[in-house]
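What follows is the residue order along each chain.
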Amino acid sequence: MSDVFVVVTAAGSGTRLGFDRPKALVELSGQPLVVRAVNGAFTHPEVVGIVVTAPEDSLTEFTVLFDADQRVRVVPGGAVRQESVYRGLEAIPDLANDLNIALTDTTPVLIHDAARCLAPTTVFHDVVAALDAGYPAVIPALPVTDTQKTVASRQVNVNGITIEKVIGAVDRTELRAVQTPQGFHWQTIINAHRDATHRWGSETEAATDDGALVEACGIDVHLSRGSQMSLKITTKLDLIIAEHLLTHQ
Ligand code: C5P
C-alpha cells in the first residue's frame with residue numbers, strides 16, 4: 001500500500017460558470033464542487049492527505065469547509081493554475097510531517113481539478129497502480145470521438161458569422177483527451193514545477209497541464225483509462241449535465 005497525497009486545485013474564478021464567487025464553491029446537488037472533489041479523492045483507500053488551493057481572497061470560506069479534517073490543508077493559490085499547483089505541492093512536506101507519514105522520492109502525488117469532482121475511484125485506482133508499478137507520470141485520458149480538423153490561424157467574418165479555413169485533418173485514432181487526477185512520483189512533479197517556474201516565470205500559462213511540464217523535463221508520460229464521469233465543469237451546461245449524471249448513475 002502506498003501513501004498517496006493529492007493537490008486539489010480550486011483557486012479559479014467562477015466567471016465562465018456565470019457566478020460571482022469561486023467556481024469550486026458552486027454547489028452541485030447541494031454540495032460545493034471542492035467538497036465533492038476532496039471526498040471523491042478520499043474514496044481511494046490509499047489517499048492520506050489533500051492540499052486544496054483556494055483563491056487568496058476566499059481562504060476563510062474554503063478553510064471552514066475542511067476545518068474538522070486534519071488530513072486536509074487549504075493554501076492560497078496563484079494567478080495561474082501552474083502557480084496554484086506549485087504552491088499546493090510546496091505544502092505537501094509539511095502536511096506529511098504533521099500526519100507522521102514519510103514522503104519519499106516515489107510517493108504518489110495526484111493533481112486533481114476541483115472542476116472534475118465526479119472522477120470515479122476506478123480512475124484514481126488505475127493512476128496509482130501504474131505509479132506503484134514504477135511509471136513516474138500517469139494521466140487518465142479518453143479517445144477522441146469527434147473527427148478533428150486543423151484550421152488556418154486567420155478567421156474570416158462573413159455577414160456577421162465567423163468562418164475558418166480547413167488546412168488539414170488529424171488522425172483521431174492517435175489523439176487522447178486528457179483529464180485529472182494526473183499522477184506523478186513526488187520528486188518528478190516537484191522538480192518539473194521548479195523547472196517550469198525557473199524557465200517560464202509568470203508565463204507558465206503556456207503549459208496547459210502538469211503532464212506537459214514533466215514532458216518538458218524529458219520524462220516519459222503514460223496514459224491510463226479516463227472516464228466520461230470526469231467531465232470538467234466549466235459552463236452552466238456542464239453543471240446541468242453533472243447534476244443529471246449524479247442523479248442517474
Ligand atoms: O480555469 P480552468 O477551468 O482551466 O481551471 C482548472 C482548475 O484549476 C480548476 O479546478 C481551478 O479552480 C484551478 N485553478 C487554480 N488556480 C488558478 C486557476 C485555476 O487552482 N489560478
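Computed from a predicted structure; not experimentally measured.

Chemist: Account for the packing of aromatic side chains, naming residues and giving values.
Modeler: To describe a pair of aromatic rings, you give the distance between the ring centres and the angle between the ring planes. Applying the stated criterion across every chain yields a total of 0 aromatic pairs. If you follow Arg71 out to its NZ or CZ, it ends over the ring of Phe42, 3.7 Å from the centre.

Chemist: Describe the side chain of Ser2, naming the residues involved and giving the relevant values.
Modeler: Take Ser2: it is sitting in the segment before β1 (4-9). In this structure the side chain of Ser2 is engaged in a polar contact, spanning 2.5 Å, whose partner is the side chain of Asp132.

Chemist: If you had to explain the pairing of strand β5 (residues 72-76) to someone new, which residues and values would you point to?
Modeler: The two faces of a sheet get side chains in turn, since along a regular strand they alternate between them. Two elements, strand β4 (residues 47-54) and β5, share 5 bridges in a ladder whose sense is parallel. Bridged to Ile50 within β5 is Val72. At this point the chain moves from β4, through helix α2 (residues 59-66), to the parallel β5, and the crossover so formed is right-handed.

Chemist: Pulling in residues and values, what's your account of the pattern of salt bridges?
Modeler: Within the structure shown, the criterion is met by 7 salt bridges. Residues Arg73 and Asp98 are paired through a salt bridge, measuring 2.8 Å at the closest nitrogen-oxygen approach. Here Asp98 lies in helix α4 (residues 92-98) and Arg73 lies in strand β5, a separation of 25 residues in the sequence. Of the charged contacts in the structure, one is a salt bridge between Arg81 and Asp210, with a shortest N-O distance of 3.0 Å. Taken together, the residues span a long stretch of sequence, with Arg81 in helix α3 (residues 81-90) and Asp210 in helix α7 (residues 210-216) at a distance of 129 residues. Taking the relative accessible area as the measure of exposure, Asp210 reaches 1% and is therefore buried. Residues joined in a network through salt bridges with shared partners are Glu56, Glu83 and Arg87.

Chemist: Mind laying out the site of the ligand, listing which residues take part and the relevant values?
Modeler: Around the ligand, the surrounding shell holds 16 residues, and the nearest of these are Thr9, Ala11, Gly12, Gly78 and Ser84. Backbone polar atom of Thr9 to an oxygen atom of the ligand: 2.7 Å apart, as the coordinates give it. The side chain of Ser84 places a nitrogen or oxygen atom 2.6 Å from a nitrogen atom of the ligand. The fraction of the free accessible surface of the ligand (460 Å²) that becomes covered by protein chains is 84%. Mapping the ligand onto the cavity grids shows that it belongs to the largest pocket.

What counts, and where the lines are drawn
Residues numbered from 1 in each chain as written. Predicted model: local features only at pLDDT ≥ 70, side-chain atom pairs only at ≥ 80, totals over all residues. Heavy atoms only, no water. Phe/Tyr/Trp six-rings, centres within 6.5 Å; stacked < 30°, edge-to-face > 60°. Lys NZ or Arg CZ within 6 Å of the ring centre and 35° of its normal. Helix = DSSP H or I, 4+ residues; strand = E, 2+ residues; numbered from the N terminus. Polar contact = N/O pair within 3.5 Å; in protein donor to acceptor, adjacent residues only side chain to side chain. Pairing = 2+ DSSP bridges. Right-handed = clockwise from strand over helix to strand, strands pointing away. Salt bridge = Lys/Arg side-chain N within 4 Å of Asp/Glu carboxyl O. Buried < 20%, exposed > 50% of the residue type's maximum accessible area, 1.4 Å probe, protein only. Near = heavy atom within 4 Å. Areas by Shrake-Rupley, 256 points an atom, 1.4 Å probe, with all protein chains shown as cover. 1 Å grid on protein atoms, 1.4 Å probe; cavity = no way out; pocket = protein on both sides within 12 Å on 5 of 7 lines; lining within 4 Å. Sits in = over half its atoms within 2 Å of the grid points.

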